[in-house]
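Okay, here's what each chain looks like letter by letter:
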Amino acid sequence: MARLGQQQLQLLENAFIKRSPKVKLTANWRAIYRELEVGELDESEKYLCFAPKDFELLRQSVLALMGLDLRQLDFNVDRIAMSAKSHDEKLAKIRPEAEYVLMKYLSFKSSPTGISTRTSLRIPLDEAQKHCHELNVAAILVVENLDVFDVIHQARLPENLTHVMVIYRGSGHHSPIGVRHFLQAMADKLPIIAFTDLDPAGLQIAHTLTGVTHWLVPQLALTAPAELLAIVQINSTDDFDKQAKQAKYLQNAELKHWQKLAVWLNQHQISIKQQHLLARGLELVLVPYI
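A quick note: this is a predicted structure, and the numbers were derived from the prediction, not measured.

Caption draft 1: Inspection of the overall build of the protein at higher detail. Looking only at helices and strands, the protein features 14 helices and ten strands. Taking 19 Å as the expected radius of gyration for a compact globule of 290 residues, we find that the protein reaches 26 Å, considerably beyond that expectation. If one aligns the C-alpha atoms of the protein with their principal axes, the spans along those axes are about 80 × 45 × 30 Å. Out of the 290 residues in the protein, the part that is buried amounts to 44%. Per element, the accessible surface of the protein, about 15400 Å² overall, is 49% carbon and sulfur.

And the structure:
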């Protein structure tokens, strides 16, 4: 089925609203002219000219072809809403994953939802916000890696960290877009904790996380770093070597209470993954950002 892209539709909308008598014949306008056959080329074929009667013809042509009205063009909808009026649902700006987060509950005395607290839920952002209030969620824990998110109940979290909503940071099929929107809504309302790999990339993720208040790290990194590094096969200097950009980021960023840890990571070429922290049963503690 023939179609016009979002950029072409926006060009048409602009010409329709402004009643432009002519437009420069760019590649997009050539494609529009081939599709709609409205207007006349000037003698030089550098401009497409419109008569007053052409604007309503443009509107009707786009309406017939795309199901969209140039008088009220709106891409800021989801794909279901776009599908109700156009054959091209992908014109919708709101991506399917942008309004959802993948989450689970942790350290509740009983399941808030009546299902296992180990079960992951993909829920709309407004519902997640509502749950935070109604279920008296005490903190939001954002986990970097999906496999660690799946087994977060195995982590040795601080004993006083209860009533936690655990959020997967996102990648692949679970986009970070929804997480970012959710955290923007919850910033300054609840503690937001980052649980990432213990390396420059992980710290950069924590530092750039919207509304972050704490970073979750192994206790030994604070009290006995040499003992931590003495654990066999826990640190990968090869992986650290792949993080030159992230290491440079840490050197220039304002890290406040995380600065000492950042220096240690870079000086000792540290890259310890979340999976190793769980596999070794290491005690985890919260380090406040401020």
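Caption draft 2: Representation of the environment of K245. Looking at the secondary structure, you find K245 in helix α12 (residues 244-252). C-alpha of K245 to C-alpha of L255: the two residues are ten residues apart in sequence and 16 Å apart in space.

Caption draft 3: Quick look at the pattern of salt bridges. Going through the model one piece at a time under the given rule, you end up with nine salt bridges. A salt bridge links E283 to R156; the shortest N-O distance between them is 4.0 Å. Placement of E283 in the loop between α14 (274-279) and β10 (284-288) and of R156 in the loop between α6 (146-150) and β7 (164-168) is noted, with a sequence separation of 127 residues between them. Relative accessible area serves as the criterion here: at 40%, E283 is assigned to the partly exposed category.

Caption draft 4: Structural view of the sheet that holds strand β2 (residues 40-41). The three strands lie next to each other as β1-β3-β2, forming an open sheet whose pairing is antiparallel. Edge strands, defined here as strands with exactly one partner in the open sheet, are β1 (22-24) and β2. Two elements, β2 and strand β3 (residues 47-49), share two bridges in a ladder whose sense is antiparallel. Opposite L41, over in β3, you have L48 as the bridge partner.

Caption draft 5: Expanded view of the side chain of Q8. Secondary-structure assignment places Q8 in helix α1 (residues 6-18). Ignoring sequence-local partners within four residues, the contact set of Q8 consists of N28, A31 and I32.

Caption draft 6: Structural view of the environment of K256. Mapped onto the elements, K256 comes out in the loop between α12 and α13 (259-267). Ignoring sequence-local partners within four residues, the contact set of K256 consists of Y289 and I290.

Caption draft 7: Structural view of the packing of aromatic side chains. This structure, assessed with the given rule, holds six aromatic pairs. Ring geometry for F50 versus F55: centroids 5.8 Å apart, planes at 50 degrees, classification tilted. Through successive ring pairs, a cluster of aromatic residues spans W29, F50 and F55. Just above the ring of F16 sits the side chain of R19; from NZ or CZ to the centre is 4.6 Å. Stacked on the ring of Y47, the Lys or Arg K22 has its end atom at 4.5 Å from the ring centre.

Caption draft 8: Focus on helix α7 (residues 176-186). Buried within α7 are the following residues: I177, G178, V179, F182, L183 and M186. Lining the buried residues of α7 we find β4 (100-106), α5 (125-134), β6 (139-143), β7 and β8 (192-195).

Caption draft 9: Spatial organisation of the sheet that holds β8. Sheet architecture is open: seven strands sit in the order β5-β4-β7-β6-β8-β9-β10, paired in mixed fashion. For this open sheet the edge positions go to β5 (121-124) and β10, each flanked by a neighbour on one side alone. Ignoring strand direction, the axes of neighbouring strands in this sheet form an average angle of 35 degrees. Taken strand by strand, α7 contacts β4, β6, β7 and β8, and its axis lies near 65 degrees from that of β4.

Caption draft 10: Region of the structure containing α1. In this model, α1 (13 residues) spans 18 Å end to end at C-alpha, consistent with the 18 Å of a helix rising 1.5 Å per residue. Turning to α1, its buried residues are Q8, L9, L12, A15 and F16. Considered in projection along α1, the buried side chains sweep an arc of 125 degrees and stay on one side of the axis. Seen from the open side of α1, the exposed residues pointing more than 90 degrees away from its buried face are Q7, I17 and K18. Turning to α1, the residues buried within the fold contact β1, α2 (27-36) and α3 (54-66). Where α1 ends, the next residue or the one after it, R19, has phi of about 50 degrees, a positive value.

Caption draft 11: Just the packing of α1 against α3, in detail. Between α1 and α3, the least distance of the axes is 10 Å, while the angle of their chain directions is 150 degrees. With respect to α3, the axis of α1 lies roughly antiparallel. α3 is crossed by α1, and the crossing has left-handed handedness. Here α1 contributes L9, L12, A15 and F16 to the contact with α3, which in turn contributes F55, E56, L58, R59, V62 and M66. The residue makeup of the contact of α1 with α3, split by class, is eight nonpolar, no polar and two charged.

About the thresholds
- Residues numbered from 1 in each chain as written.
- Predicted model: local features only at pLDDT ≥ 70, side-chain atom pairs only at ≥ 80, totals over all residues.
- Heavy atoms only, no water.
- Helix = DSSP H or I, 4+ residues; strand = E, 2+ residues; numbered from the N terminus.
- Rg over C-alpha atoms; globule rule 2.2 N^0.38 Å.
- Buried < 20%, exposed > 50% of the residue type's maximum accessible area, 1.4 Å probe, protein only.
- Areas by Shrake-Rupley, 256 points an atom, 1.4 Å probe, with all protein chains shown as cover.
- Salt bridge = Lys/Arg side-chain N within 4 Å of Asp/Glu carboxyl O.
- Pairing = 2+ DSSP bridges.
- Contact = heavy atoms within 4.5 Å.
- Phe/Tyr/Trp six-rings, centres within 6.5 Å; stacked < 30°, edge-to-face > 60°.
- Lys NZ or Arg CZ within 6 Å of the ring centre and 35° of its normal.
- Axes fitted to C-alpha atoms, helices over the stretch in contact; angles between N-to-C directions.
- Expected span 1.5 Å × (residues − 1).
- Arc of directions from axis to C-beta.
- Parallel < 35°, antiparallel > 145°, perpendicular 65-115°, else oblique.
- Left-handed = near helix turned anticlockwise from the far one by under 90°.
- Nonpolar A, V, L, I, M, F, W, Y, C, P; charged D, E, K, R; others polar.

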